[in-house]
Amino acid sequence: MTTALIWRWPTPNGLPPLPLVGGVLALLAGLWLTAPIVEVDFVRLIGSLGRMVTFAGQMFVTPDWEYVPQLLAKMLETIEMTVLGTAVAIVVSLPLGILAAGNATPHPVVYRVTRDLLSLMRALPELVWALVFVSAVGLGPLPGVMALAFVTVGFMGKFFAESIEVVDHKAVEGVRAHGAGWLQVRLFAMLPQALPDFVGTVMYILDHNLRAAAILGLVGAGGIGYDLVMSMRLFQYDRLLLIALSIYLVVTVLDRASDRLRSRIIHGRRT
Amino acid sequence: MNVHDLKSARPQPLPPKPRNPMPVWVAATLAMLWLIVWDLEISFETLAYGVADMAEYFSRYGQPDFTDLSRYLSLMGVTLATALWGTVFALLVAFFLAPLAARNFAPNAVTYRIAREILNFMRAMPDLLLALIFVAALGLGPLPGALALGVHTAGFLGKFFAESLERVDKGVCEGVASTGANFPQMVMYAGWPSIMREALGYVLYILDRNVRMASVLGLVGAGGIGLALHDTLRLFDYGQSAALILVILATILMIDYASAWLRGRLG
């Protein structure tokens, strides 16, 4: 503990630890400096509460039941985009993950290059890529799927690489002792050990992509987002209510399912 | 044991050969993906033409136009400030909600459930939808963006914090509880100090995420660099778009490295 910073509060001398105090002071200074930029105005904030309540009140109208079939179709499209984008990303990021893992990479240079490539891919949010791809291949779900897959490869490749890096070295040595080749060591010693982590990662990414896919329509890249923005702009609160509810429902269901699956994988399920 | 004994021993029936369900799964997945492709009406022809065109298309971004750089930088500043305020807002909300949503700290089962549901709800609302609502209520500008980011990420941060709090060593909790500590004292002396390191890691992750999101919130009128990018792309002004994308990219990579460095020092 001599070299590490002391973070815990009840310190030996009873005073708050210096890094914590310094951090909080720096944060407060930053907030105070940026307040005018963000136009933080508490009077305006409180004054807008009334409008917020009015707005929330307008949401509670009789839903536009006529719209339900179209809503279901759009929601299905959103889910399909999510699944397809994630599937493409899995296929692309498995080899990239192996190349970007310190213990599985063929050469340190390959490792560095792949790592930097992955961090470039995940740097920009899906919406920016969706904007670019919509300009390139036209409106529709295709640019949305491309944007989802592109950004997700950046995240998934990194996560895969990290879970390959922490595999037990003994199994690798054992397989290598049998005269396994380069690819065989990766396939039969490293990937099986990293598989539980992979499943957790895929669930997390699926969750992330569903949220992202729900708003990609904003720029014309397919999914429910377009209807969402349109009903907002046209003040069709009867539709907006349904859309918001359906997004909430789908996201919550997937969230619960992935939570359950992940905890089952992490805590083991030996039958 | 001689040969005769061995021969008389009845051969044990072999255990059934384990069935490998892998091909079935792969086939089912491929079939589902094909169905999706068919349903989304993605034609590979378009994609092939698109790929051919794309090289030409991306070459248009070849000459970034940095004449307006100072304006871009100030817009990026607004974006960063929005992300910072959003993160701090999320931190404040999560600080109060997370102990209530941790099973071992929650005063009773009812508050636990309510806190969990509030966090779930905040997480489920996409931040762009929240931004649309806040823009409608507050008017244009970065403030609704910061609020939207704050509400959405408070759900994430609260969940992460609550999960860390649930992993706090039982002995620590018992030790503090045995001094007669009440709920706030338990949280302040057994809860937060034990998870400080993890919590800082999560806050950095959320800040990172918020910077990315803040750079697109401009699309719905919530200020920042996103609106400028949207406008230049709509006007097919590739030089300026390239410059804007480069500014965003450089900032995000810088934040990425800074937070990786900080996390390395914490860990």
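Structure's up top.
Residues numbered from 1 in each chain as written. Chains lettered and ligands numbered in written order. Predicted model: local features only at pLDDT ≥ 70, side-chain atom pairs only at ≥ 80, totals over all residues.

### What about the overall build of chain A?
- Secondary structure assignment for chain A yields 11 helices and zero strands.
- Across chain A, helices and strands are ordered from the amino to the carboxyl terminus as α-α-α-α-α-α-α-α-α-α-α.
- Whereas a compact globule of 271 residues would reach a radius of gyration of roughly 18 Å, chain A reaches 24 Å, over 25% beyond that.
- In terms of principal-axis extent, the alpha carbons of chain A reach across some 70 × 60 × 45 Å.
- Out of the 271 residues belonging to chain A, those deemed buried represent 37%.
- Expressed as a percentage of contacts within chain A between residues at least 6 apart in sequence, the contacts between residues at least 24 apart total 70%. (Helix = DSSP H or I, 4+ residues; strand = E, 2+ residues; numbered from the N terminus. Rg over C-alpha atoms; globule rule 2.2 N^0.38 Å. Buried ≥ 20, exposed ≤ 12 C-beta atoms within 10 Å, placed from the backbone. Contact = placed C-beta atoms within 7 Å.)

### Observations concerning the overall build of chain B
- Counting secondary structure elements, chain B contains 11 helices and zero strands.
- N-terminal to C-terminal, the α/β element order of chain B is α-α-α-α-α-α-α-α-α-α-α.
- Over its C-alpha trace chain B gives a radius of gyration of 28 Å, far above what one expects of a compact globule, namely 18 Å for 267 residues.
- Taking the principal axes of its C-alpha atoms as reference, chain B extends roughly 95 × 70 × 35 Å.
- Taken over 267 residues, chain B has a buried fraction of 41%.
- For chain B, restricting intrachain contacts to residue pairs at least 6 apart in sequence, the fraction spanning at least 24 positions comes to 72%.

### A look at the interface of chain B and chain A
- Each partner contributes residues to the interface: chain B has 52 residues there, and chain A has 44 residues.
- In terms of residues, the side of chain B that touches chain A owes the most to one element, helix H9 (residues 183-217) of chain B, which gives eight residues.
- Of the residues assigned to the side of chain B that touches chain A, the class counts are 39 nonpolar, eight polar and five charged. (Nonpolar A, V, L, I, M, F, W, Y, C, P; charged D, E, K, R; others polar.)

### Concerning the nonpolar core
- In this structure, A:Ala130, A:Ala147, A:Leu216 and B:Ala131 are the most contacted members of the largest nonpolar core, which totals 141 residues.
- With 15 residues, helix H7 (residues 141-165) of chain A is the largest single contributor of residues to this core.
- Excluding residues that lie within four positions of it along the chain, A:Ala147 makes contacts with A:Glu126, A:Trp129, A:Ala130, A:Phe133, A:Leu216 and A:Ala221. (Core = buried A, V, L, I, M, F, W, Y, C linked by C-beta atoms within 7 Å.)

### Section: helix H4 (residues 68-99) of chain A
- The first and last C-alpha atoms of H4(A) sit 46 Å apart over 32 residues, in line with the 46 Å expected at 1.5 Å per residue.
- Along its length, H4(A) reaches its greatest deviation from straightness, about 35°, at A:Ser93, and the proline A:Pro95 lies no more than four positions downstream. (Expected span 1.5 Å × (residues − 1). Bend = angle between axes of the 7 residues up to and from the residue.)

### Quick look at the packing of helix H8 (residues 170-177) of chain B against H9(B)
All names here are of chain B.
- Where H8 meets H9, the closest approach of the two axes is 9 Å, and the angle between their N-to-C directions is 155°. Taken together, the axes of H8 and H9 lie roughly antiparallel to each other. For the crossing formed where H8 meets H9, the hand is right-handed. Residue-level contacts link Val-172, Cys-173, Val-176 and Ala-177 of H8 to Met-186, Tyr-189, Ala-190 and Ser-194 of H9.
- Along the lines of polarity and charge, the residues of the contact of H8 with H9 split into seven nonpolar, one polar and no charged. (Axes fitted to C-alpha atoms, helices over the stretch in contact; angles between N-to-C directions. Parallel < 35°, antiparallel > 145°, perpendicular 65-115°, else oblique. Left-handed = near helix turned anticlockwise from the far one by under 90°.)

### Re the environment of B:Ile252
- Tracing the backbone through its elements, the reader meets B:Ile252 in helix H11 (residues 238-266).
- Each residue touching B:Ile252, except ones within four places of it in the same chain, is listed here: A:Ala123, B:Val211 and B:Arg212.

### Notes on the packing of helix H3 (residues 49-59) of chain A against helix H6 (residues 127-138) of chain B
- Packing of H3(A) against H6(B) brings their axes to within 8 Å, and their N-to-C directions diverge by 125°. In terms of their interaxial angle, H3(A) and H6(B) are classed as oblique. Relative to H6(B), the crossing made by H3(A) is right-handed. On the side of H3(A), the interface is formed by A:Arg51, A:Met52 and A:Phe55, while H6(B) contributes B:Ile133, B:Ala136 and B:Ala137.
- Residues that form the contact of H3(A) with H6(B) fall into these classes: five nonpolar, no polar and one charged.

### Focus on the environment of B:Ala27
Residues and elements named next belong to chain B.
- In this fold, Ala-27 is placed in helix H2 (residues 22-39).
- Judged by the 10 C-beta atoms lying within 10 Å of it, Ala-27 falls in the exposed class.
- Between the alpha carbons of Ala-27 and Leu-129 there is a distance of 37 Å; along the sequence they are 102 residues apart.

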